[in-house]
Amino acid sequence: MLQSNRQDLLKAYTQMRTIREFEERVHTEFAGGTIPGFVHLYAGEEASAVGVCMHLGDKDHIGSTHRGHGHCIAKGCDVKAMMKEIYGRKGGLCGGKGGSMHIADLSKGMMGANGIVGGGPPLVCGAALTAKTLKTGGVAVAFVGDGGSNQGTTLESYNLAKVWNLPVIFVIEDNGYAESTASEWSVGGSQTKRAEAFGMPGTKVDGNDVFAIHEAAQEAIERARAGRGPSLLHVKLSRYFGHFEGDAMTYRADGEVEALRRDHDALKIFRKRVTEAGLLEAGQLNEIDTDIAAFIDEAVAEAEAAPPPTGDDLLTDVYVSY
Amino acid sequence: MAKKSYRQAINEALALEMRRDPTVIVMGEDNAGGMGAPGADDAWGGVLGVTMGLMPEFGRERVLDTPISESAFIGAAVGAAATGLRPVAELMFVDFMGVCFDQIFNQAAKFKYMFGGNAVTPVVIRTMYGAGFRAASQHSQTLYPMFTHIPGLKVVVPSSPYDAKGLMIQAIRDDDPVIFFEHKVMYDIEEEVPDEAYTIPFGEANLTREGEDVTIVAIGRMVQFANEVADTLAKDGINCSVIDPRTTSPLDMDTILESVEETGRLVVVDEASPRCNMATDISAAVAQHAFAALKAPIRMVTPPHTPVPFAPQLEDLYVPNPAQIETAVRAVAGYAR
Amino acid sequence: MSDAIKAVTMPKWGLAMEEGTLVAWHVPEGAPVRPGDDLVDIETTKITNVMESTAGGNLRRRVVDEGACVPVGALLGVVADASLPDAEIDAFVVRFNADFVVAAAAAAETGPPEPEMMEVAGNRISYQRMGEGSPPLVLVHGFGGDLNNWLFNQPVLAASRATYALDLPGHGRSGKDVGSGEITAFARTLTAFLDALRLEQVHLVGHSLGGAIVLDLAVRQPERVASLTLIAPAALGGEINADYIEGFIATGRRKEMRAVLGMLFADPALVSRDMVDEILKYKRLDGVAAALAAIAGDAFPDGRQSRDLKSCLGDLRMPAQVIWGRQDRILPVAQGDGLPANVPMHVLDDAGHMAHMEAATQVNALIEDLLGQ
């Protein structure tokens, strides 16, 4: 249990706060016009990435989505190199060639954010197959949005993971909207019953409660590590920003986001729980907040100062040999 | 050295590499066959028997039958490649890429570049292509140009058993994603193939005939036809060089250009549909880089711009044939300004 | 009178040869020919070579035109006395061709014999045996070569004795593990090969690196060697064409390989497309690149030969000779200067490094002469 270990609590909060600060700052900087392209922010969903990835090591793999910054941070990617990547600069985690939607670090078991909705689950099955074949003891987690949950690739992956008995955990991050379309409308049936139909356990979890996610993920991951096959978590959570930055979110209810931030914020809930239970001091958490704000300031400043890639970089890294 | 079929040559390449490297696995629909069924194991060895015998030697853990679920298992092969295996996945008919192309061209092809060089994806996707099997429009296409178009993929189109084995071993050892095209009517052709493992490098064309009058570039099954035509025409004093690129990506344009510089005449034979195929690509490159050497307009021999028909009489009209190649070669050989 | 009519047929050079192309006639139809005159150029899968006339008379018919490819044994032309009537020549051609169709069909059923395989000192050794009689003769090829290098020699030398041509480790179809790649290690393998075949005493013929190997064996085990023929042998001097060695190891491309192989011959045009193909196929085999690098690293480090066995020649007690092509561009013919009196040196003017291929008739005759002593 997360509550039982002070170090884990500090780690969970630090990671969630880092993601929040990172995303809030990218939101601000993007509005200022210094970040090219488009970005999809994870603010509001932090507990899911952190609650799951706290159980994983470098031999475990995750596949992410277009909304991938949080998964990258939770899986241990270099945050400053991520920021440079989002700015499209040299020294970015992908040399400025991937950008926000393709941040990856295979050495950390992070198989990439993915620009294709539903692109990740088959790849994650492959990582699980590697773990199973080479007997590494590793597991693989596919983060999928509610939009991605309707892709054939995702449903095919449920079946493949089941028939091959792969150590996979499908984490459906249901923030209520596939782009602008409500998941209540676009998802037929229920996520957990879909899992049951494929013969794997499906559990619905409160996505604003990192303790609940941590606990549910632990069970699913232990099950996978023990060779007992795949399972699914349906994580109900909320996103604070638009589908992409610049989305005016006219499809959302008036005051919806404000209410979420006020009453259902994962970081606020965490702070209240741990301070009321006397597990951590408010002062400790405030100190973390201050440190992270400064760290993200540095990350932005370093990204802005980093040079762009050069013409030579255009032609490299297409093939190992050609 | 024994004579081996194209099918045996590929099978032997897979077996040799699986023995050499425990990270090599094969997967695909019915690659062993009979999974979960009450009858025989290794019932099929793939729909045309190419992987027969691998499962009894290497077990179900390294010879995986899959559900009919190309998106998932081609994607799994790609993901497994990115995380430490060297999977050889069989996409039964290349026409089926319609249901799994994302995993090939958005994922496998792009990992290395998108991730700033910090990924290797040593996956091989074997697939059958080509007309002549009375298999109609959805099981007969020649789609290597579509894969050739994608940076990050390598595309191999072997024209003989010897080449098939050496190119397959190279494909498995290669650290980039490789699409390996097997022509379904060539599986039973035989020639001498060494028992040992050997590799044929990608991007090195083979010169199957050497002559100074006309250059014929032909791909895959068309190489056989081009060789036949070259032998026929040699008796009439028209000496052709026949170039088999072996891989369309990378493409050995140097060998083609060197030959055209010598002959001044080019015929390109391609079983792929005529728009944006290898014939147009190679012709354009020759026109760009060897224009001064050309003594006659370039001729392309391709099927018509139609789907592959079913009726045998129609399919026979569809597939490029030696008579068409001979006509084209005679036309460029006899061309006068 | 038909006994006086001599058929000129497509020769069989090497066991794999099934057909050959008549590249050029050297003699006009009707012109006189003597035994030993150059008659036709034949292109095989390995090499283009000249075939000499074995008969004397006039070339009465050219049955096969230049450029045609025909099976082994097919009638190429007819040599007969000028006085014979045309009708008799024509009848001979018709009869020959009628019989030949049958013979060809019968031969096709059996196919060419395959080389044999044997485990020798932990390595797989491929070898070709031809002929009967003692003492047997063993042919050892050079760096990057194989038993097929003897295609113009082994069938001729096998007429009066058993002959064995082997693929050295790392070459041809033998195992590709060469260990240290040292000449003495090859000589030990050769000894083990002779032991395994129970060949007590043999005539040894070695070419280039194979020359150094058989010489090494002869020095260590003189009692096993009935005679020694060294063709352009390695280890008689320091110089070696480093461009050849490096090029042979490095290149995988047809065009470059053709240029490299051209250095082996006085006439580079002899290098056929198939010869280049076979070398490329050999070089693609697993283990070959490492084997060649190991051998070259030991025998020819830094572009020079590391061993000099010249001083050993004077002590040889068995009949021995050295044969060298004057136009050798790999190992200079001057390395054969100043040999001791017991080892005569034969220089062949029109041959390069592959004298036994390019001047096969002369090399075969020199070997027969030495064996007859």
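About the cut-offs
- Residues numbered from 1 in each chain as written.
- Chains lettered and ligands numbered in written order.
- Predicted model: local features only at pLDDT ≥ 70, side-chain atom pairs only at ≥ 80, totals over all residues.
- Heavy atoms only, no water.
- Helix = DSSP H or I, 4+ residues; strand = E, 2+ residues; numbered from the N terminus.
- Rg over C-alpha atoms; globule rule 2.2 N^0.38 Å.
- Buried < 20%, exposed > 50% of the residue type's maximum accessible area, 1.4 Å probe, protein only.
- Areas by Shrake-Rupley, 256 points an atom, 1.4 Å probe, with all protein chains shown as cover.
- Salt bridge = Lys/Arg side-chain N within 4 Å of Asp/Glu carboxyl O.
- Domains from an automatic or database assignment.
- Contact = heavy atoms within 4.5 Å.
- Buried area = accessible area lost by both parts, 1.4 Å probe.
- Nonpolar A, V, L, I, M, F, W, Y, C, P; charged D, E, K, R; others polar.
- Pairing = 2+ DSSP bridges.
- Axes fitted to C-alpha atoms, helices over the stretch in contact; angles between N-to-C directions.
- Polar contact = N/O pair within 3.5 Å; in protein donor to acceptor, adjacent residues only side chain to side chain.
- Core = buried A, V, L, I, M, F, W, Y, C linked by side-chain atoms within 4.5 Å.
- Disulfide = S-S within 2.5 Å.

Before going further, it helps to spend a moment on the overall build of chain B. Across its full length, chain B carries 12 helices and 14 strands. Taking 20 Å as the expected radius of gyration for a compact globule of 337 residues, we find that chain B reaches 20 Å, a close match to that expectation. Viewed in the frame of its principal axes, chain B has a C-alpha envelope of about 65 × 45 × 40 Å. Counting every position in chain B, which comprises 337 residues, the buried fraction comes to 65%. When the accessible surface of chain B is totalled, it reaches about 11500 Å², and 54% of it is carbon and sulfur.

All names here are of chain B. Applying the stated criterion across every chain yields a total of 59 salt bridges over all chains. With a shortest N-O distance of 2.7 Å, Asp188 and Arg7 are connected by a salt bridge. Note that Asp188 is positioned in the loop between β7 (178-183) and β8 (190-193) and Arg7 in helix α1 (residues 6-20), a separation of 181 residues in sequence. Given a relative accessible area of 58%, Asp188 falls into the exposed group. Under the relative-accessibility criterion, Arg7 is labelled partly exposed at 21%.

So, about the domain arrangement of chain B. Residues and elements named next belong to chain B. When cut into domains, chain B gives domain 1 (2-193) and domain 2 (206-333). Computed from C-alpha atoms alone, the centre-to-centre distance between domain 1 and domain 2 is 27 Å. Each side of the interface is counted separately: domain 1 has 26 residues, and domain 2 has 27 residues. Here domain 1 packs against domain 2, burying approximately 2100 Å² in sum over the two surfaces, 53% of which is carbon and sulfur. By the criterion of area lost to domain 2, the three top residues of domain 1 are Arg134, Tyr144 and Ser159, representing 27% of everything that side buries. The interface formed by domain 1 and domain 2 holds 3 salt bridges in total. The set of elements that each furnish at least two residues to the side of domain 1 that touches domain 2 consists of α6 (144-148), β6 (154-156) and α7 (161-173). In terms of residue class, the side of domain 1 that touches domain 2 is built from 15 nonpolar, 8 polar and 3 charged.

Further remarks concern the arrangement of the chains. Most contacts, compared over the 2 pairs of chains touching, are made between chains A and B. At the C-alpha level, the nearest point of chain A lies 15 Å from chain C, with no contact between them.

Here the focus is the sheet that holds strand β12 (residues 163-166) of chain C. Residue and element names in this part refer to chain C. The strand order β9-β10-β12-β11-β13-β14-β15-β16 describes an open sheet built from 8 strands, whose pairing is mixed. Both edges of this open sheet fall to β9 (116-120) and β16 (345-348), since each of them pairs with a single strand only. Pairwise comparison of adjacent strand axes, ignoring direction, gives a mean angle of 25° for this sheet. As judged from the 4 bridges shared by strand β11 (residues 137-140) and strand β13 (residues 202-207), these two strands associate in the parallel manner.

All right, on to the side chain of Ser53 of chain C then. Residues and elements named next belong to chain C. Looking at the element boundaries, Ser53 is found in the loop between β5 (48-52) and β6 (57-62). Exposure remark for Ser53: the relative accessible area of 5% places this residue in the buried category. A distance of 2.7 Å separates the side chain of Ser53 from the backbone oxygen of Ala55, its partner in a polar contact. Setting aside chain neighbours within four positions, we find Ser53 in contact with Val33, Arg34, Pro35, Gly36, Asp37 and Leu39.

Time to look at the nonpolar core. Leu76, Val138, Leu190, Phe193, Leu228 and Phe248 of chain C are the most contacted members of the largest nonpolar core, which totals 137 residues. Leaving out residues up to four positions away in the same chain, Leu228 of chain C has contacts with Leu204, Val214, Leu215, Ala218, Leu316, Met318, Pro319, Ala320, Gln321 and Leu370 of chain C. Counting residues in hydrophobic clusters, the runner-up holds 81 residues, among them Tyr129, Met253, Ile282 and Ala285 of chain B.

Right, let's talk about the interface of chain B and chain A for a bit. In this assembly, 46 residues from chain B lie in contact with 41 residues from chain A. Both faces considered, chain B and chain A share a buried interface measuring about 3300 Å² in area, 65% of it formed by carbon and sulfur atoms. When the area that chain B buries against chain A is broken down by residue, the three leading residues are Thr83, Tyr113 and Phe115 of chain B, summing to 20%. Counting across the chain B and chain A interface gives 1 salt bridge. Across the salt bridge formed by Lys135 of chain A and Glu61 of chain B, the nearest N and O atoms sit 3.4 Å from each other. Taken together, the links from chain B to chain A amount to 19 residue pairs in polar contact (both at pLDDT 80 or more). Listed by contribution, the elements that provide at least two residues to the side of chain B that touches chain A are β2 (24-28), β3 (63-65), α3 (70-82), α4 (101-108) and α5 (111-114) of chain B. With 10 residues, α3 of chain B is the single largest residue contributor to the side of chain B that touches chain A. Of the residues assigned to the side of chain B that touches chain A, the class counts are 21 nonpolar, 16 polar and 9 charged.

All names here are of chain A. Enumeration according to the criterion identifies 0 disulfides over all chains in this entry. Left unpaired, Cys94 is separated from the closest cysteine sulfur, that of Cys72, by 8.3 Å. Cys94 gets classed as buried once you look at its relative accessible area, which sits at 0%.

For the rest of this paragraph, the subject is the interface of chain C and chain B. Across the contact, 17 residues belong to chain C and 22 residues belong to chain B. Where chain C abuts chain B, roughly 1500 Å² becomes buried across the two surfaces, and 34% of that area is made up of carbon and sulfur atoms. At the junction of chain C with chain B, the criterion picks out 8 salt bridges. Of the charged contacts in the structure, one is a salt bridge between Arg273 of chain C and Glu210 of chain B, with a shortest N-O distance of 3.9 Å. Considered class by class, the residues forming the side of chain C that touches chain B number 1 nonpolar, 3 polar and 13 charged.

This part is about the pairing of strand β10 (residues 123-130) of chain C. Residue and element names in this part refer to chain C. Summarising burial for β10: 6 of the 8 residues are buried, a large majority. Pairing geometry for β9 and β10, over 5 bridges, is antiparallel. Within the sheet, the bridge partner assigned to Glu119 lies in β10 and is Arg124. Taking the residues between adjacent antiparallel strands as the criterion, β9 and β10 are bridged by 2 residues, where Ala121 takes a positive phi near 50°. When β10 meets β12, the two strands line up antiparallel, connected through 4 bridges. Its bridge partner being in β12, Arg129 is matched across the sheet by Tyr164.

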